[in-house]
Amino acid sequence: MENYAQLVPLIILIPSIGAFINLFVGARLPERAVAIIGSTAAILSFVVALLLYSYLSGGGAPVVVNPPFFDGWIRVAEIDISWQMRVDTLSVTMMMLVTGVGSLIHIYSAGYMHGDPRFHRFFAYLNMFFAFMLTLVAGNNFLMMFVGWEGVGLCSFLLIGFWFDKTRGVGWRNSLAARKAFIVNRVGDFGLMTAIFLIFWTFGTLDFYRPGEIANVEYAAHHASAAADDGHAAASDHGESASAHGESAVGAEEGAHGASTGSEVVYTNNDHIPTNQLGVFGQAERFLEEHHQVDFGPFSLPIETVLVLITLFMLIGAAGKSAQIPLFVWLPDAMAGPTPVSALIHAATMVTAGVYMMVRSNVFFYEADLTSLIVTLVGVGTALVGGFIALGQWDIKRVLAYSTVSQLGFMVAAVGIGAYSAAMFHLVTHAFFKALLFLGSGSVIHGMEHGHHAVSHGHDDHHDAHHQEEFDPQDMRNMGGLRHKMPITYITYLIGTLALAGIFPLAGFWSKDEILADSWLVGLFDNNIGGYIALGGLLLAAGFTAFYMWRQVTMVFYGSPRHEAAEHAHESPPTMTIPLIALAILSIAGGFINVPSGVLGLDGIFGAHRFTDWLAQSVVHAHAADFQALIALGALGLAVGAIFLASNLYGRDRAVVNHRDPLQTMATTAPIFSFANARLYWDEIYNRLFERPFNWLGKFLADVIDWRFWHDYVHDQVIGKGFNTIARLLANPVDLGLIDGVVNGIGALTKWVSGGARRIQTGYVRTYAITLLFGVVVVIIVLMLPLINNGG
Amino acid sequence: MVQTEAYLMLSMVLFVLGTMGVLLRRSAILVFMSVELMLNATNLALAAFARQWGSENGHMFAFFIITVAAAEVAVGLALIVAIFRTKRSINIDELHQLEG
Amino acid sequence: MTELIVFIVVGGLAVAFATLMLLSENAVHSALSLIVTMVCIAVLFLALNAPFLAMIQITVYAGAIMVLFLFVIMLLGAERLLPASPGEGKVRYRWFAPLALTLAMSLLIAAGVTIIQGQVSGADALGLNPIIRAVNLASTTQTLSVTANGVNVGEALASRKPSRFIEIAPGNYDISAALSDGSSFARSAALAAGTAYTVVAFGDGELAVIPEDLSTIAAERSARFALFNGTDETLSLVDRGSEFVADDDRIVIAEIAPGALSASITLAEGVGNWAVVLASAPDTVWFPLRDYEIVRDRSTTLIAVRERDALGSRRPLVLPLESEARPAFGSPRAIGYSLFTDFLLPFQLLAVLLLASMVGVIVLTHRETGKRMPTAANRRRVSRPLANVIAAQVGIESASARADAALPEPEPPQAVGK
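In this text the structure is predicted, and so the values were computed from the model without any measurement.

Novice: Quick question: what am I supposed to make of the nonpolar core here?
Specialist: Taken as a class, soluble globular proteins show a tendency for nonpolar side chains to be buried jointly. F142(A), F203(A), I310(A), F364(A) and L482(A) are the most contacted members of the largest nonpolar core, which has 226 residues in total. Residues within four places of F364(A) in sequence aside, it is in contact with F142(A), I199(A), F203(A), V280(A), F281(A), A284(A), L307(A), I310(A), T311(A) and M314(A).

Below, the structure written as structure tokens:
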């Protein structure tokens, strides 16, 4: 049990090995072997995550693990960045989510991708995504997180463009969608990198927490005293501490000396660690107490300002990865990838990386009020915009994509109002039901395609190609009545829809309610305007959610088939339906991990605020909101009303006639619908705002600056002609006149001198000999002179 | 005991005779023999000095000079033979191809 | 006086025959005169105590080299090769002979003045520096360091191991010795040129400076012995015969007083069965030297002391200090010794030089048998004669052996002015 934490390197290693095997030898293996290798790697990772969970839930302390062979990663002068992994409740939550949902999606993919020529590559990419995503969540420093961040971006690019050779969906090419996602993400990465640079400059390290450091001092102190009191109800205590949040030093005094359990001193705070030995968050708290000034060379800023800057840049990064305004435009297009990819990467896991990062950095965000407000606005705005656009989409996956954008907005807004545990809670439940919905939609598309296949084979084969071009299996206008054809898909999809819409007692109800209750409490007690904005905006967005989801269910499953493909659709194989069932169960039960206190006695069954309490170990500012019956009932009523409205509008048979939405037919709602259908002209605005000026600037730089000015003028005129002139000058007077004259003169001089000197060489031996003798005589006489003087 | 100076003077006289031979005779063989005479004179002086200083180093040098002279004579005579083969003469006055 | 006569006669002969060599028109006569000169110089070498040089002067010079000269003269037939006409050089350098004579005379005069003014004989002749070494007989457990006027003679000497001889200027020295326990003792001694000395530390801080006779041992196959008595009793060295019994005692060195050094005696090589005995009790062996090997040309000083051992008691000890007797000055033995010690490297270089000259002679006189003809393999191959190529181009089908006949006839040169 104690050593399970040391297994954490395996969680990255196993998918890496799977990816390598599938990438290099997968092409020669049968499809079944590839699927088994990939799924086994995923499931083994899940097992490791479960072991880590058992370690932590068994009372294990958060640890920092140094993997073997990675002792020290980047060591340059004072920079020392280790390849360390952190096992704490937050990272393990993410690991379990990623590996659990991911394993189901691996199994699903084995059925969904059956027969694809690049089957092995798909599984290799999925495993690679696993490795990078787990690096992202397991890393103990921002740089490792960044490595994972970029790695999942790469996998996302590869998987969006997986069918780069096909044209699908509404008519864009998949490779263009992949490029769009990649480029938009780079904008966010700029923000994240700037944030990382600022963090490094400010704190001199990138580690979240150093080994031995305690993340949540208050929690640790509480935990120790709870352990001492032996059975004191931790949950209710925590409720008290939550209402007293903001005074984090409360428990520090008592715990200063550490509670000694057994022989070893167990520290419950970090007072014994010098500031520069702490991780970034510990240092930030110390700096805030000291009102530290951060030195930037020519000027210095107070730590509060620096934190605002850091968090703003982090927000840019999160906006890129988690598809927030203004960078959300890539996510709907990313649905061009295979549906399991949409489910895993673009709904359940990767897009939540931004939320994970912000929750991980909750210390920063908690202290940066300005940023928190901006985050709230961005989140609420995104939730509304995503929800609104989803109202007007025809494509089954596109609706889900905008729904994902909207739900990510919920999470980000929750971070903005300081409800970090609520954000994580919604992240988890959303992963369940959104993965379920995507996989369900994949099942529907799969069924539609097979139905279409059957239909076109029943007809003349010559029209095959023609048919395929016109038929879009993802267009909901072609569906209808699938309830009977695909019963399992229908039931699980219905569960997912109700969970997303927030119907009691499914998972979405609890998580959404927690966010709404938190925003209400924040607005009420902290006098925070962001809370009211969040409450209002998110309630409206929740209404949108229920409406567009029921619209979708109605269009897909109810009524009668609107296309012959839908008539011939049939249920998907068990490899696809079993994950659906599993996820459906999770969507039903997932909310009970964090039931608020005092609701129908449910807390007596499941325990209150279990998830929040679990997270509090690693999330300093996690706190649980009490159940707000009024808010919950209001949201539930809104959702039920929206469902009723949608079923009224779309439930009538033949409501969707000639590919026209009922809203389009009504004069009052037609402009609204077309506005939503055109996605608020968001891409077009970007086109005007950025693309055209960019193209114009590029053209200007190329034509005018580079070609006309630089090439024609500078190169040809100035440099070329000048060079010619100088060269001519150097060649004629300088080289031919001066240098050649000197050289020839030296030659002539040498010739003249040697002409005279050669006469010395007579060639007669005796002349040489006598010269030698002459020299000898002279030398002897010179040597003799002092002797003569002495003798004289 | 005869004074060292006497030996040195004798050695000097022989040396100068050898020098004049080198300078004045035109036969290459005789020039060579004069060189040998000069070397002999030097040996005599070395032996005299060795006795004077009671050191055997003088004898060693004389020994080395005799050995080198043997080598030199061998090479020199080989040169003379080679020259004679091509020029049919050993008159050093006729050998001035190196004239500048 | 004899030497002077020899010098005058032989020297005069040498000069006379050198002059004859110079003036003789016949090369053979010149060579013969040079031989006489060389033999005279060999005799002078003998007079100069250089028998080895005299030997090789006659064998190598007068023998080998001059035979080579004569051989070449005869081979070339060069007795009278010089042409009757003086030649171009003679005409051009008319001034040469007077100048040469003048210079030669100046050289002679200058050198003569130098020799006379230099006063070579005035210097102290035959001065060899004394050499000195040290031996530790004072303690078996401690080491000894000896200095003479601060010059290090021996440092950290273990018991009974003599140091190497070092050369030192003659004169008076304060010799001091120090044991490693710090006790030191000193005495002064005059060191004369040409003598070897051994500093012996023995007893309780006594220091003796023993002169050693290293001169050439005149008797053949013999060795030289002397006995130094470092005890406080009178000692004798007796020969006990091969049976090593007291009956046959024959006194070799008799009754040396304490602190005295015996006169040296010369013994033929062989084996000695000796004993050192007290003069007061000649039958009791004080220290046996049984089966002692007498090595020829070796000079040995037997040093008798009472040595203090580790326990502090004193035991009799006779230590033979052996050294090579010096070979006679200028003898082949001396030259050989020098050659194989100090001059080994020059000797090796000389051998290389001789080898090189041997190769040089072979290269120079190698008679070439005419220009080497290129072999068939080396000859440049032409795939087709040029004529064939041209013939092919002008349209002749077969390039026959007479293809050049098909070439167009060269135009006869136009006669100019026709």
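Novice: I'm lost on the interface of chain C and chain A in this one. Help?
Specialist: Interfaces are often described in size by the accessible area the parts lose on coming together. The partner chain A presents 15 residues to the 17 residues of chain C that form the contact. In total, about 1300 Å² of surface goes out of reach between chain C and chain A, with carbon and sulfur atoms giving 83% of it. Taken together, the links from chain C to chain A amount to zero residue pairs in polar contact (both at pLDDT 80 or more). Contributions of two or more residues to the side of chain C that touches chain A are made by α4 (87-92) and α5 (96-118) of chain C. Considering every element that reaches the side of chain C that touches chain A, the biggest residue donor is α5(C), with 13 residues. The residue makeup of the side of chain C that touches chain A, split by class, is ten nonpolar, five polar and two charged.

Novice: For this particular structure, what's the right way to read helix α20 (residues 487-501) of chain A?
Specialist: Structural remark: α-helix, 3.6 residues per turn; residues separated by three or four positions point the same way. Residues and elements named next belong to chain A. Given a rise of 1.5 Å per residue, 15 residues ought to cover 21 Å, and the 21 Å separating the end C-alpha atoms of α20 matches this to within 8%. When α20 is considered as a whole, its buried residues turn out to be T489, Y490, T492, Y493, I495, G496, T497, A499, L500 and A501. Looking at the residues trailing α20, positive phi occurs at G502, about 85 degrees.

Novice: I tried to follow the packing of aromatic side chains on my own but got confused; where do I start?
Specialist: Each aromatic ring pair is specified by the distance between its two centres and by the angle formed by the two planes. If you walk through the whole model with that rule in mind, you get 53 aromatic pairs over all chains. Summarising the aromatic geometry, the rings of F20(A) and F24(A) are spaced 5.8 Å apart at their centres and angled 20 degrees between planes, so their arrangement reads as stacked. Of this pair, F20(A) and F24(A) both sit in helix α1 (residues 8-24), separated by four residues, roughly a single helical turn. In terms of burial, F20(A) and F24(A) fall into one category: exposed. With 6.1 Å between their ring centres and 65 degrees between their planes, F340(C) and F347(C) make a pair best called edge-to-face. By way of ring pairs, the aromatic residues F142(A), F203(A), F208(A), Y209(A), F281(A), F287(A) and F364(A) are connected into one cluster. The ring centre of F162(A) lies 5.4 Å from the NZ or CZ of R118(A), which sits over that ring. The ring centre of F182(A) lies 4.2 Å from the NZ or CZ of R186(A), which sits over that ring.

Rules of the game
Residues numbered from 1 in each chain as written. Chains lettered and ligands numbered in written order. Predicted model: local features only at pLDDT ≥ 70, side-chain atom pairs only at ≥ 80, totals over all residues. Heavy atoms only, no water. Core = buried A, V, L, I, M, F, W, Y, C linked by side-chain atoms within 4.5 Å. Buried < 20%, exposed > 50% of the residue type's maximum accessible area, 1.4 Å probe, protein only. Contact = heavy atoms within 4.5 Å. Buried area = accessible area lost by both parts, 1.4 Å probe. Polar contact = N/O pair within 3.5 Å; in protein donor to acceptor, adjacent residues only side chain to side chain. Helix = DSSP H or I, 4+ residues; strand = E, 2+ residues; numbered from the N terminus. Nonpolar A, V, L, I, M, F, W, Y, C, P; charged D, E, K, R; others polar. Expected span 1.5 Å × (residues − 1). Phe/Tyr/Trp six-rings, centres within 6.5 Å; stacked < 30°, edge-to-face > 60°. Lys NZ or Arg CZ within 6 Å of the ring centre and 35° of its normal.

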